[in-house]
Amino acid sequence: MASRAKKSVLKKAVVKKKAAKMAVKRAARSPIRAYMFDLDGTLVLGDRSGKSYDVLPGAIETLTRLKEQGVPYVVLTNGSAQPPPSQAAKLRGVGLPVADSQMLTPSSVTAGVLSQRGVRRVLVLGSTGVGWCLQQAGIETRFVPDDDHGAYDAVYVGWHPDCGMKDIEMACNAIWGGAKLYVASDVPFFASKQGRTIGYSYAITGAIRRMTKAPAIITGKPSQFALSYLARHFGVKKSEVGVVGDDPLVEMIMARRGGATGIGVCTGTTSRAQWLKQPTARRPHRIIENVGELLRG
Ligand SMILES: [Mg+2]
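Since the model is a prediction, treat every value here as computed from it, not as a measurement.

Moving on to the overall build of the protein chain. When its secondary structure is counted, the protein chain shows 10 helices and 15 strands. Each principal axis of the C-alpha distribution contributes one length, and for the protein chain these read about 80 × 50 × 35 Å. Taken over 297 residues, the protein chain has a buried fraction of 45%. The contacts in the protein chain between residues at least 6 apart in sequence include a share of 66% that link residues at least 24 apart.

Have a look at this one:
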């Protein structure tokens, strides 16, 4: 009896010790050494075509202060329509201090991943902006429709509003010929001035996968390819990145999975009440009304 009681006491002590260890782990979050800002619903609300932007409250002030303080930051959008320098110029045009080198799209990440994997020839389903970063990285980038039906190492799907069945057929043939399927964004909706707007690459990828059953390699948020790219870009650990965004399924999943700090804004797809209802894996570590609150308190 005595030994059973002793065992039970010991077991309780072990459980207590484990709980204490976990509490310390939770409390000991890494300090934020660099920030990633989402674009749509976080810094701006654009129209559906991405041609005009309304800057969200506090966005200019917050980025300006970070710049003054020398805190590294980038904007990583899941929108792949434009080459990063064109997008950065548009943001500077509405007052946001974003240098060309601080503007990233999923195609920036894709170019890195494809180069690392030795991919040489890619079929792109997307606008010229989608393939721009790949071309810059020296990858042979062919756009649909491509008359040269040689073999491709990869198919890359991005912003492609004009996608037709022939494009999907060509992508399927490339995959059946051995190409891997890479996707900029596997997110069904994003926030715009007109409200919820559909993500074209999500729909196109759905069609390709229904035909080919090929696994999709996602390079944009919430993939860990994207978070690792950010950490490398900043020269910090993934856990030292502050991820600021409006979408639990995009920025918060990425932050939580990679051990980064997630900060949720209420200016895009998610209200404060909706943030609070999220399961832990999608919940921000901090909720702020708008990006202007980031550096307060
Ligand atoms: Mg967003």
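In this section: the packing of helix H4 (residues 106–116) against helix H8 (residues 224–234). Here H4 crosses H8 at 90°, and the two axes come no closer than 10 Å. One element, H4, and the other, H8, form an angle in the roughly perpendicular class. Touching Val 109, Gly 112 and Val 113 of H4 are Phe 225, Ala 226 and Tyr 229, all from H8. Residues that form the contact of H4 with H8 fall into these classes: five nonpolar, one polar and no charged.

So, about the sheet that holds strand S15 (residues 286–288). Here we have six strands laid out as an open sheet, ordered S5-S4-S1-S13-S14-S15, and parallel in their pairing. The strands lining the two open edges of the sheet, one partner per strand, are strand S5 (103–104) and S15. Two elements, strand S14 (residues 261–265) and S15, share three bridges in a ladder whose sense is parallel. If you follow Gly 264 over to S15, its bridge partner there is Ile 287.

Here we come to unusual backbone geometry. A cis amide bond links Val 144 with the next residue in sequence, Pro 145, at an omega value of -5°. If you trace the backbone, Pro 145 turns up in the loop between strand S7 (140–143) and strand S8 (154–157). Put simply, Lys 221 and Pro 222 share a cis peptide bond, and its omega is 10°. Mapped onto the secondary structure, Pro 222 falls in the loop between strand S12 (216–218) and H8. A positive phi angle is found at Lys 213, which is not glycine, with a value near 60°. Tracing the sequence through the fold places Lys 213 in the loop between helix H7 (200–212) and S12.

Attention now goes to the environment of Glu 293. Counting through the fold element by element, Glu 293 comes out in the segment after S15. Overall, the presence of 17 C-beta atoms within 10 Å leaves Glu 293 in the partly exposed class. A C-alpha to C-alpha distance of 15 Å links Glu 293 and Val 44, two positions 249 residues apart in sequence. Apart from residues lying up to four places away in sequence, Glu 293 is in contact with Gly 58 and Ile 288.

Scoring rules and cut-offs
Residues numbered from 1 in each chain as written. Predicted model: local features only at pLDDT ≥ 70, side-chain atom pairs only at ≥ 80, totals over all residues. Helix = DSSP H or I, 4+ residues; strand = E, 2+ residues; numbered from the N terminus. Buried ≥ 20, exposed ≤ 12 C-beta atoms within 10 Å, placed from the backbone. Contact = placed C-beta atoms within 7 Å. Axes fitted to C-alpha atoms, helices over the stretch in contact; angles between N-to-C directions. Parallel < 35°, antiparallel > 145°, perpendicular 65-115°, else oblique. Nonpolar A, V, L, I, M, F, W, Y, C, P; charged D, E, K, R; others polar. Pairing = 2+ DSSP bridges.

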